[in-house]
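Chain by chain, the residues run as shown.
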Amino acid sequence: YAPIKREGLRVDKDAAKFETPFLQNMTYQEVVELEASLPRSMTTVKIERPRMSKYASAAEARKAREMQGHLDRMTSTIKKKHLPPGADEEDDLAEYRKAPVVV
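Residues numbered from 1 in each chain as written. Predicted model: local features only at pLDDT ≥ 70, side-chain atom pairs only at ≥ 80, totals over all residues. Heavy atoms only, no water.

1. Quick word on the overall build of the protein chain
For clarity, the cut-off: Counting from the N terminus, the helices are DSSP H or I runs at least four residues long and the strands are E runs at least two residues long. Exposed residues in this analysis have more than 50% of their type's maximum accessible area, buried residues have under 20%, and partly exposed residues fall in between, with area computed by a 1.4 Å probe over protein chains only. Method for areas: the Shrake-Rupley scheme with a 1.4 Å probe, in which residue coverage is limited to the protein chains shown.
Broken down by element type, the protein chain carries six helices and zero strands. When the helices and strands of the protein chain are listed from N to C terminus, the series reads α-α-α-α-α-α. The proportion of buried residues among the 103 residues of the protein chain is 2%. Carbon and sulfur atoms make up 57% of the accessible area of the protein chain, which amounts to about 10900 Å² in all.

Structure, rendered in structure tokens:
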């Protein structure tokens, strides 16, 4: 909480420490030479476009996952319906038997 700083009422008492008369006394040619001696990365700006998500919000992503779950469940139900009569007899404990044994 700093309302005085936000309103601009605080006077900077140490501003003289940060003044740079060095640049004020330079000629144009000296400034050009200084810029030429700096690395390219300091004089150019590289702005990267932020990655765009497939979904605008987390809620849309959650709804899409839920819808995909419903579609997967319906697909498996339809596939079971179209299997031959003897093929739908699956072992309900198959997943249990595959589970690792804890000793």
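2. Side note on a nonpolar patch on the surface
For the record, the criterion: Surface patches are defined over residues having more than 30% relative accessible area and no salt bridge, joining like charges when they lie within 9 Å and nonpolar side chains (Val, Leu, Ile, Met, Phe, Trp, Tyr) when within 5 Å. Should a side-chain nitrogen of Lys or Arg be within 4 Å of a carboxyl oxygen of Asp or Glu, the pair is scored as a salt bridge.
Together, Phe-22, Leu-23, Leu-34, Leu-38 and Met-42 line one region of the surface with nonpolar side chains, adding up to about 500 Å² of accessible area. Positionally, Phe-22 belongs in helix 2 (residues 21-24).

3. Structural notes on the environment of Thr-44
What counts here: A 3.5 Å cut-off defines polar contacts: any pair of N or O atoms within that distance qualifies, except that in protein one atom must be a possible hydrogen donor and the other a possible acceptor, and neighbouring residues in sequence count only when both atoms are side-chain atoms.
With respect to the helices, strands and loops of the structure, Thr-44 is situated in the loop between helix 4 (40-43) and helix 5 (58-81). Within the structure, Thr-44 has its side chain in polar contact with the backbone oxygen of Arg-40 (distance 2.9 Å).

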